[in-house]
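Spelled out, the chains give:
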Amino acid sequence: KGRSPGEYRLYQPSTTHLPAHQMIALERDLHRALNEDGLRLMLQPIVTADSIPGGRVTLSGVETLVRIEHPEHGVLSPDTFIPVAEASGLILPLGAWVMEQGLAWLAAATRQGLDTLTLSFNVSAREIHAGGLVERLAEGLARHALAPHRIILEVTENLMLERDEVVLETFNALRSLGCRLAIDDFGTGFSSMSYLQHLPFDIVKIDRCFVSELHTEPRQAALVAAMIEMGHALGLSVTVEGIELNEQARCCLDNGADHLQGYYFCRPVPAQEALARFITL
Ligand code: C2E
Ligand code: CA
Ligand code: CA
Ligand code: CA
């Protein structure tokens, strides 16, 4: 853990602690889901912070969240299988599937009049390092006749090497294309601050672990207020995740958060139901 300047460090995802037979089983599940139509796309709204809880909620974007529908075990959570997907390389076809489904959905939403809605994708470091992400996104946007500025790519620090040329080049290419970049789960990793310093982000998403006691714990409220202020000082837009209560939303709004996301507004919704649900939001 001790680290001298310039030294690279790799963050180990927790699933590597799973017994080998469970990793192998999950990899098999993932293969099957990819080949036999077993992936499900969920969408969760992101609302603008000027929407007053209790009043009208303004939908500003949606985040794509993937699931596996397992024939025996039901719905599998991405927290379980994404690390296996990353380790096995299956994150590449998985990410491509999510992107295509997401863009197709956004094109349909646009035809229904939701033409300013943004779409956020979670991108793994492995996808960035594999190359081709920018080209695939550009091709998909063109094919679906979508403007690049409607796309946000969310990245965490997991498995990402600091001051990595490939990461920086990819980020710059994504921004040249017109897409925006968000640092996800902000505040939970080892190097969030260093990330903000070295990489060209547009948005910070404050992790939900800072939100749970927000309305009752003055220290937590002070922390969130400081993170929002820091984001703004750096010229970034600030999203707070994991809002479950009106009081939490209120506290974030009072402290100037730009966007909010959480069960309080809406849980993730299956993509095929999302248009009907969101059009009335
Ligand atoms: P994330 O990107 O931080 O996504 C937010 C997670 O918080 C989602 O969990 C969402 O369902 C959950 N959430 C949203 N609002 C609330 C709330 O108010 N309270 C609580 N307790 N939870 C809330 P989910 O869908 O299980 O996804 C877990 C993680 O898996 C994601 O965290 C993301 O890192 C990863 N993931 C999901 N889909 C993809 C994907 O397509 N590609 C990649 N690379 N990673 C993905
Ligand atoms: Ca995310
Ligand atoms: Ca997050
Ligand atoms: Ca997360």
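Residues numbered from 1 in each chain as written. Chains lettered and ligands numbered in written order. Predicted model: local features only at pLDDT ≥ 70, side-chain atom pairs only at ≥ 80, totals over all residues. Heavy atoms only, no water.

## Topic: the coordination of the calcium ion (ligand 2)
The cut-off we apply is this: Coordination shells were defined by N, O and S atoms within 2.8 Å of each metal, extended to 3.2 Å for Na, K and Ca; water is absent from the atom set, which can make sites look incomplete. Numbering of helices and strands starts at the N terminus; helices are DSSP runs of H or I of at least 4 residues and strands are runs of E of at least 2.
The coordination sphere of the calcium ion (ligand 2) contains the protein donors E63 (OE), N122 (OD1), E154 (OE) and D184 (OD), at a distance range of 2.1 to 2.3 Å. Taken in chain order, the donor set of the calcium ion (ligand 2) reads E-x58-N-x31-E-x29-D. Here the calcium ion (ligand 3) and the calcium ion (ligand 2) are spaced 4.1 Å from one another, each receiving a donor from D184. You can see E154 sitting in strand β5 (residues 151-155) and its partner D184 sitting in strand β6 (residues 180-186), a full 30 residues away along the chain.

## Some points on the coordination of the calcium ion (ligand 4)
Protein coordination of the calcium ion (ligand 4) is provided by D185 (OD) and D185 (OD), with donor distances spanning 2.8 to 3.0 Å. Distance-wise, the calcium ion (ligand 2) is placed 6.0 Å from the calcium ion (ligand 4). Following the sequence through the fold, D185 ends up in strand β6.

## Here's the deal with the packing of aromatic side chains
Operational definition: Each Phe, Tyr or Trp ring (for Trp, its six-membered ring) is paired with any other whose centre lies within 6.5 Å, and the angle between the two planes then decides the class: stacked below 30 degrees, edge-to-face above 60, tilted in between. Only protein chains enter the accessibility calculation, which uses a 1.4 Å probe; a residue is then buried when its area is under 20% of its type maximum, exposed when over 50%, and partly exposed in between. The rule for a charge over a ring is simple: NZ of Lys or CZ of Arg within 6 Å of the ring centre, and within 35 degrees of the ring normal.
One pass over the full model with this rule turns up four aromatic pairs. Relative to F201, the ring of F171 has its centre 5.5 Å away and its plane inclined at 75°; by these criteria the two rings are edge-to-face. Residue F171 is found in helix α6 (residues 165-177), and its partner F201 is found in the loop between α7 (192-198) and β7 (203-206); the two are separated by 30 residues along the sequence. F171 gets classed as buried once you look at its relative accessible area, which sits at 0%. Using a relative accessible area of 6% as the deciding quantity, one classes F201 as buried. Measuring from centroid to centroid gives 6.3 Å for Y195 and F201, while their planes differ by 25°, and the two rings are stacked. Judged on exposure class, the residue Y195 and its partner F201 are both buried. Sitting above the plane of the Y263 ring, R267 keeps its charged end 3.9 Å from the centroid.

## A look at the side chain of E127
Selection criterion: Only four residue types enter the charge count, namely Lys and Arg as positive and Asp and Glu as negative; His and the chain termini do not. Whenever a carboxyl oxygen of Asp or Glu lies within 4 Å of a side-chain nitrogen of Lys or Arg, that contact is scored as a salt bridge. Within 3.5 Å is the distance limit for a polar contact, defined as a pair of N or O atoms, with the added protein rule that one can donate a hydrogen and the other accept it, and that residues adjacent in sequence qualify only through two side-chain atoms. Here, residues are in contact when the closest pair of their heavy atoms is within 4.5 Å.
In this structure, E127 sits in helix α4 (residues 125-130). It is R136 that comes nearest to the buried, bridge-free E127 among opposite-charge side chains, at 4.2 Å. Separated by 2.9 Å, the side chain of E127 and the backbone nitrogen of S124 make a polar contact. Aside from chain neighbours lying at most four places away, what touches E127 is I91, L92, G95, N122, L133 and R136.

## With respect to the layout of surface pockets
So the rule is basically this: The method works on a 1 Å grid over the protein atoms by themselves. A cavity is a set of points holding a 1.4 Å probe that cannot get out, a pocket is an open set with protein on both sides within 12 Å along at least five of seven lines, and residues with an atom within 4 Å of a point line them. Grid points are joined across faces, edges and corners, and a volume is the space filled by probe spheres set on the points. Gly is put with the polar residues, along with every residue not named as nonpolar or charged; the nonpolar set is Ala, Val, Leu, Ile, Met, Phe, Trp, Tyr, Cys and Pro, and the charged set is Asp, Glu, Lys and Arg.
In this structure, the second largest pocket occupies an estimated 250 Å³ of space. Sorting the residues of the lining of the second largest pocket by element identifies β1 (39-48), β2 (59-70), α3 (91-111) and α10 (271-278) as the ones contributing at least two each. Its residues assigned to classes, the lining of the second largest pocket shows 10 nonpolar, two polar and three charged.

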